[in-house]
Amino acid sequence: MTSTINAMRHTTLTVAKVTAAAVLAATLVAPLRALGAEIAPVSNSIDPWVVTTLAKDAGGVFIEAYKVDKNLVAWTEVTSDKRKLYAYDGVQIRTLAVFDKSEWKDDGVGFYDAVKGNFDVADGFVVWTMSDGLDREIYSFDGESVKKVSNNTFDDRHPIVSKGRIAWTSQPGSNYNLMLKDRFGTRLIDSWQVQNYAFSGSNLFWLNKRANEDWFRVFVNGGLVNGAVGEGDDRPLVKYFLTDGKGSAAWEYSTKR
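All figures in this text were calculated on a predicted structure; none of them were measured in a lab.

Turning our eyes to something else, we now look at a nonpolar patch on the surface. There is a patch of nonpolar side chains on the surface, built from Phe 184, Leu 224 and Val 225 and spanning about 310 Å² of accessible area. Its place among the elements puts Leu 224 in the loop between strand 20 (216-221) and strand 21 (226-231). Classification of Leu 224 as exposed rests on a relative accessible area of 58%.

Here's what the structure looks like:
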């Protein structure tokens, strides 16, 4: 679930879980190393639910966007010039990053809404893009610590994550590269004209053209090998791939190319 909140509205971010699930989460999630401010959120029992207030608009600070997957919630809060990224694991709130608000301006270079995001949450991971002082890099929180995922001399953007696999786009020049980091390491998956991509389980789907073809194909990577699984379309659909989280995906395309 993803939501972007109008900063002019008075907003409260809450999460509700059935009591049994909340107890299980508290049992399974190990204590985390301190990453910043540790906040004990306020919870109320409304049988059979536990409703927890995570954040509120107050004092010039506004909730901007949030994403949730299972027992992990991540969200951003903004002021006039700063942005903070937080995570809640069912036990504590952690401050993952603080950086200039201007770092997440839309670059307007043609990516569709589905991959314009600047952070993502799935399977115990939070990933985001942030400047290291030289350019934008990808960072991750794995439930234990913050790690720098990419480290180069050019911008990295639009991170997504699933099953511990992290994908993003890098821009060493005028073209985009589709990058992937997983248990096999960090590597280039594809390049120009990558237009859209999404995870379903551990499978990464994306759109690109083959040499000497004037239409798009859908490709998939589930490990070390890329495969073409069908034709695609370059129309600007807001959410091109519909995925089930179990490895499958659906899409549409024009038979007229």
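Text resumes after the structure shown.
Our focus in this paragraph is the sheet that holds strand 12 (residues 136-141). Pairing between sheet strands relies on hydrogen bonds along the backbone, with the strands arranged either parallel or antiparallel. Spatially, the 4 strands line up as an open sheet ordered 10-11-12-13, and their pairing is antiparallel. Taken across any chain shown, the strands that pair with only one partner, and hence form the sheet edges, are strand 10 (119-122) and strand 13 (146-148). Geometrically, the sheet is characterised by an average inter-axis angle of 25° between neighbouring strands, direction not taken into account. For strand 12 and strand 13, the ladder comprises 3 bridges, and the chain directions are antiparallel. When the bridges of strand 13 are listed, Tyr 139 appears paired with Lys 148.

The topology assignment puts Thr 52 in strand 5 (residues 49-56). Each C-alpha atom, one on Thr 52 and one on Val 42, is 5.7 Å from the other, the two residues being 10 residues apart in sequence. At 2.8 Å, the side chain of Thr 52 and the side chain of Ser 43 are in polar contact.

One finds Leu 85, Leu 96, Phe 119, Val 126 and Trp 128 to be the most contacted residues of the largest nonpolar core, which totals 16 residues. Looking at this core, the elements with two or more residues in it are strand 7 (72-78), strand 8 (82-88), strand 9 (93-100), strand 10, strand 11 (125-131) and strand 12. In contact with Phe 119, not counting residues within four places along its chain, are Ala 65, Tyr 66, Lys 67, Ala 74, Thr 76, Leu 85, Trp 104, Val 127, Trp 128 and Pro 159.

A few words now on the sheet that holds strand 20. Read across the sheet, 4 strands follow the order 18-19-20-21 without closing on themselves; strand pairing throughout is antiparallel. Both edges of this open sheet fall to strand 18 (197-200) and strand 21, since each of them pairs with a single strand only. Strand-to-strand, the axes of this sheet are offset by a mean angle of 30°, without reference to chain direction. In this sheet, strand 20 lies alongside strand 19 (residues 203-209) in antiparallel orientation, the contact comprising 6 bridges. What sits directly across from Lys 209, in strand 20, is Phe 216.

The rules behind the values
- Residues numbered from 1 in each chain as written.
- Predicted model: local features only at pLDDT ≥ 70, side-chain atom pairs only at ≥ 80, totals over all residues.
- Heavy atoms only, no water.
- Patch = residues over 30% accessible without salt bridge, like charges linked within 9 Å, V, L, I, M, F, W, Y side chains within 5 Å.
- Areas by Shrake-Rupley, 256 points an atom, 1.4 Å probe, with all protein chains shown as cover.
- Salt bridge = Lys/Arg side-chain N within 4 Å of Asp/Glu carboxyl O.
- Helix = DSSP H or I, 4+ residues; strand = E, 2+ residues; numbered from the N terminus.
- Buried < 20%, exposed > 50% of the residue type's maximum accessible area, 1.4 Å probe, protein only.
- Pairing = 2+ DSSP bridges.
- Axes fitted to C-alpha atoms, helices over the stretch in contact; angles between N-to-C directions.
- Polar contact = N/O pair within 3.5 Å; in protein donor to acceptor, adjacent residues only side chain to side chain.
- Core = buried A, V, L, I, M, F, W, Y, C linked by side-chain atoms within 4.5 Å.
- Contact = heavy atoms within 4.5 Å.

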